[in-house]
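Below, each chain spelled out in residue letters.
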Amino acid sequence: MNNDEIKSMRKVFNNLKDKIGPLANSPEVKKLQERVIDIRRNAIVNNKELISTVQESFKSNDIDCFLANDELDAQNIILDIISKEISENNYDLDNIKIAKSKSNTLREIGIHELFAAKNYEIIETDLGDRILQLKKEDNNPVHPTGPASHLTVYDIADIINESMNLNLPPEPRHIMEAVREDVLNLLSESNIGISGANSIAANDGSLVLIHNEGNISIVSSKKLHIIVAGIDKLVPDLEDAISIAKLETVYATGKATTSYMNVISGPSKTADIEKKLLKNMYGAEKVVVILLDNGRSEAINECLWCIGCGNCIVSCPVYSILGNEFGYSSYLGGRGVAMSKFLKGDKTSFDSGIYKCTLCGNCTKNCPVLTPTNEIIESIRSDLNDNGIYMNEHKNIKDNIENNNSPY
Ligand code: SF4
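Along every chain, residues carry numbers that run from 1 in the direction the sequence is written. In view of the model being predicted, local features appear only for residues whose pLDDT reaches at least 70, and side-chain atom pairs are presented and counted only at 80 or more, with totals across whole chains, interfaces and linings using the full set of residues.

## With respect to the sheet that holds strand β7 (residues 224-230)
Through backbone hydrogen bonds, the strands of a sheet pair up, either in parallel or in antiparallel fashion. Only strands joined by at least two bridges in the DSSP assignment are considered to pair. Strands here mean DSSP runs of E at least two residues long; helices mean DSSP runs of H or I at least four residues long; both are numbered from the N terminus. Read across the sheet, six strands follow the order β1-β12-β7-β4-β2-β3 without closing on themselves; strand pairing throughout is parallel. Each edge of the open sheet is held by one strand with a lone partner, namely β1 (64-68) and β3 (121-124). Along the sheet, successive strands turn relative to each other by an average axial angle of 25°, direction set aside. Two strands pair when backbone bridges link them, and strand β4 (residues 192-195) and β7 are joined in this way by four bridges, in the parallel orientation. For Ile192, the partnering residue across the bridge sits in β7 and is Leu224. Against the sheet, helix α4 (residues 71-89) makes contact with β1, β4, β7 and β12 (286-292), and its axis sits at roughly 170° relative to β12, the strand it touches most. Whenever a helix is involved, its axis is fitted only over the stretch in contact; in every case the axis is a line through C-alpha atoms, and angles between N-to-C directions fall within 0 to 180 degrees. Note that contacts rest on C-beta atoms placed from the backbone: two residues are in contact if these are within 7 Å.

## Digging into the site of the ligand
Cys306, Cys309, Cys312, Arg335 and Cys367 are the nearest of the 13 residues found near the ligand. In this classification, Asp, Glu, Lys and Arg are treated as charged, Ala, Val, Leu, Ile, Met, Phe, Trp, Tyr, Cys and Pro as nonpolar, and every other residue, Gly included, as polar. Here the shell around the ligand is composed, by residue class, of eight nonpolar, four polar and one charged. As a rule, any residue with its backbone-derived C-beta atom within 6 Å of a molecule or strand is reported as near that molecule or strand.

## Regarding the packing of helix α8 (residues 153-164) against helix α9 (residues 172-187)
At a closest axis distance of 10 Å, the pairing of α8 and α9 adopts a crossing angle of 35°. For the pair α8 and α9, the sense of crossing is left-handed. Seen from α8, the contacting residues are Val153, Ile156, Ala157, Ile160 and Met164; seen from α9, they are Pro172, Ile175, Ala178, Val179 and Asp182. For the contact of α8 with α9, the class distribution of residues is nine nonpolar, no polar and one charged. When the near helix sits turned anticlockwise from the far one by under a right angle, the crossing is termed left-handed; a clockwise turn instead gives a right-handed crossing.

## Considerations on the sheet that holds strand β5 (residues 199-201)
Sheet architecture is open: four strands sit in the order β8-β5-β6-β9, paired in mixed fashion. Of all the strands in the sheet, the pair left with one neighbour each is β8 (234-235) and β9 (260-264). As defined by bridge partners, β5 adjoins strand β6 (residues 206-211) across three bridges and the pair is classed as antiparallel. In the strand pairing of β6, Ser199 is matched with Val208.

## Describing helix α14 (residues 333-344)
Working note: α-helix, 3.6 residues per turn, so residues spaced by three or four point in the same direction. A helix is expected to span 1.5 Å for every residue after the first. Helix length check: α14 (twelve residues) gives 16 Å between terminal C-alpha atoms against 16 Å at 1.5 Å per residue, within 8%. Burial is judged by counting other C-beta atoms within 10 Å of a residue's own C-beta: 20 or more means buried, 12 or fewer means exposed, and anything between counts as partly exposed, with every C-beta placed from the backbone. Across the twelve residues of α14, eleven count as buried, placing the element largely inside the fold. Among all positions of α14, only Gly333, Gly334, Arg335, Gly336, Val337, Ala338, Met339, Ser340, Lys341, Phe342 and Leu343 are buried. Positive backbone phi, at 110°, marks Gly345, one or two positions downstream of α14.

## Quick notes on unusual backbone geometry
Even without being glycine, Lys275 reaches a positive phi, approximately 60°. Note that Lys275 resides in the loop between β10 (269-273) and β11 (276-279). The exposure class of Lys275 is exposed, given the 6 C-beta atoms found within 10 Å.

## Regarding the domain arrangement of the protein chain
These domain limits were set by an automatic method or by a database of domain assignments. Looking at the protein chain, the domain boundaries give domain 1 (3-296) and domain 2 (310-397). Distance between the C-alpha centres of domain 1 and domain 2: 25 Å. Of all the secondary structure elements, the ones that give two or more residues to the side of domain 1 that touches domain 2 are α1 (3-24), α2 (27-45), α5 (104-108) and α11 (238-253). The residue makeup of the side of domain 1 that touches domain 2, split by class, is 13 nonpolar, eight polar and seven charged.

## As for the pairing of β12
Taking burial as the measure, the seven residues of β12 include seven buried ones, the bulk of the element. Of the two faces of β12, the one holding Lys286, Val288, Ile290 and Leu292 and the one holding Val287, Val289 and Leu291 are both buried throughout. Note: β1 against β12, five bridges, orientation parallel. Bridged to Cys65 within β12 is Val289. Relative to β12, β7 runs parallel, the two sharing seven bridges. Residue pairing across strands places Ala229 opposite Leu291, the latter belonging to β12.

Quick look at the structure:
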């Protein structure tokens, strides 16, 4: 990110802070927060049981469910499902378009690279993600719900005009309408949707997905809907999953609710004719869920409490200077860096900035589920140090103290 982008991001984040603060401190949200803290802690402790439960619930809801141990496993499962769909429906292999909505997990498994290698075209349906997709370089998001928060309307108009060969003025409405028309046009040729999930209710076999744009409703109405989500998204009941989505909304947007909350508990069906069950009315004919481990079962429990709101990066002093350079993939800021150790290993957490954290604890204070990111980072640093991964500058200071009784 360049300096102008960092400045724009700070401005957006400051506005966001002003919106989140009063709402987060209201008695209703405080009560919700207490409830969600309990839900997340218990759900992570009972994760294995929840995985078994949800497999049964999905089965009885007619949702296919796969467990993926790692990135490669998830990729292979997705490619198998899609190639089966293509051959069963005789789709034109030269024109496979896949409707996608925002998902950290899909970025984690390298969905863009995977589909590019197969010549499948991804259509990002979230406006911010579509802008980043059309941006030629440096297209990592900077916030979970505001991926393009670092770009001004002038930057965005340039990106859209260049990539879509238009001559739009730097006006948000003109830009939105141009992208919407283009995306809807492309989506009319797509039969496959892919998304993540905000939370999953194990006992009900239901997935909760929140959005403002209405795009997830389109993605989930494609003939085949594939959902990839981390095993840490599991909670016992639908009420729990909805509580998490509500709290996430408050801390991600400063609003009490999103425009849409989709609860998916199976493929589209009707029994309106003589009570005979018919599949494939308006929504997806097939729903497939891939539950991804990818190091989560080995992660420090506290690191998995996260509900993905992004409020920790809004208040992080390091992130306000470095932007998304401090983080891994879509997992941004200190918690993202910590998570990268479990997803990708020691070297990645070093490269993502494990030693850049100031350990100030601002993230913990601003986290709705009180994730102790600074403590997690200290513990990971200790492990990394034991494995010989440290900053050379730190080692020099340590050696100087040992040899010269002085850091210099
Ligand atoms: S660590 Fe906390 S503040 Fe940061 S994204 Fe997760 S839940 Fe939100």
